[in-house]
Amino acid sequence: MEIVLAVMIGILYAAGIYMILRRSLVKLILGIIILGNGANLLIFLLGRITKGSPPIIPGDLKVFQAAYADPIPQALILTAIVISFGLQSFAIILIKRAYKVVKTDDLDEMNAIDQDS
């Protein structure tokens, strides 16, 4: 399972970087979204995939006796999802406003228009 996730992370990173390097603002945002999903999967994979019980120690024990699920990567991923959603929504609104003003989403044309002003 780890090999499949590692390959999927590599594919997501490659696709995200490819999309970021395009000239369109829409493709830039899609690349950032894909790259963020790859980073979330990487954090999940680094936390090790184990089938286990919740990390609750019974009152009579001082240490864990069996395998347990690590909650830290899961909490980090949930936080990253919320932050990336906020970033994506802000970027989409910003792109919509830039398109209304400039009438293009090509970064080179936007740069040329900015230099003419």
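Before any of the text, the structure's been laid out above.
Residues numbered from 1 in each chain as written. Predicted model: local features only at pLDDT ≥ 70, side-chain atom pairs only at ≥ 80, totals over all residues. Heavy atoms only, no water.

Caption draft 1: Molecular detail of the overall build of the protein. When you go through the protein residue by residue, the secondary structure sums to 4 helices and 0 strands. The order of α-helices and β-strands along the protein, N terminus first, is α-α-α-α. Split into buried and exposed, the 117 residues of the protein put 18% on the buried side. Contacts in the protein between residues far apart in sequence, at least 24 positions, make up 53% of those at least 6 positions apart. (Helix = DSSP H or I, 4+ residues; strand = E, 2+ residues; numbered from the N terminus. Buried < 20%, exposed > 50% of the residue type's maximum accessible area, 1.4 Å probe, protein only. Contact = heavy atoms within 4.5 Å.)

Caption draft 2: Up close: the pattern of salt bridges. Across all of its chains, the model carries 1 salt bridge by this definition. As a salt-bridge pair, arginine 23 and aspartate 106 come within 3.8 Å of each other at their nearest N and O atoms. Of the two residues, arginine 23 is situated in the loop between α1 (2–20) and α2 (25–46) and aspartate 106 in the loop between α3 (71–102) and α4 (107–116); the sequence distance between them amounts to 83 residues. (Salt bridge = Lys/Arg side-chain N within 4 Å of Asp/Glu carboxyl O.)

Caption draft 3: Spatial organisation of unusual backbone geometry. Of note, lysine 103 is a non-glycine position whose phi angle comes to about 65°, a positive value. Here lysine 103 lies in the loop between α3 and α4. Assessed through its relative accessible area of 61%, lysine 103 is described here as exposed.

Caption draft 4: Focus on the packing of aromatic side chains. What the rule picks out here adds up to 0 aromatic pairs. Residue placement shows arginine 22 over the ring face of tyrosine 18; its charged tip is 4.5 Å from the ring centre. (Phe/Tyr/Trp six-rings, centres within 6.5 Å; stacked < 30°, edge-to-face > 60°. Lys NZ or Arg CZ within 6 Å of the ring centre and 35° of its normal.)

Caption draft 5: Representation of the nonpolar core in the model. Residues Leu25, Ile29, Ala91, Ile95 and Met110 constitute the largest nonpolar core, which totals 5 residues. Secondary-structure elements contributing two or more residues to this core are α2 and α3. (Core = buried A, V, L, I, M, F, W, Y, C linked by side-chain atoms within 4.5 Å.)

Caption draft 6: Spotlight on a positive patch on the surface. A cluster of basic residues, Lys96, Arg97, Lys100 and Lys103, forms a positive patch on the protein surface. Turning to its location among the elements, lysine 96 is positioned in helix α3. Classification of lysine 96 by relative accessible area gives exposed; the value is 55%. (Patch = residues over 30% accessible without salt bridge, like charges linked within 9 Å, V, L, I, M, F, W, Y side chains within 5 Å. Areas by Shrake-Rupley, 256 points an atom, 1.4 Å probe, with all protein chains shown as cover. Lys, Arg positive; Asp, Glu negative; His and termini not counted. Charge placed at Lys NZ, Arg CZ, Asp CG, Glu CD.)

Caption draft 7: A nonpolar patch on the surface, seen in detail. A surface patch of nonpolar side chains, about 400 Å² in accessible area, is lined by Ile3, Val7, Met8 and Ile11. Among the structural elements, isoleucine 3 can be located in helix α1.

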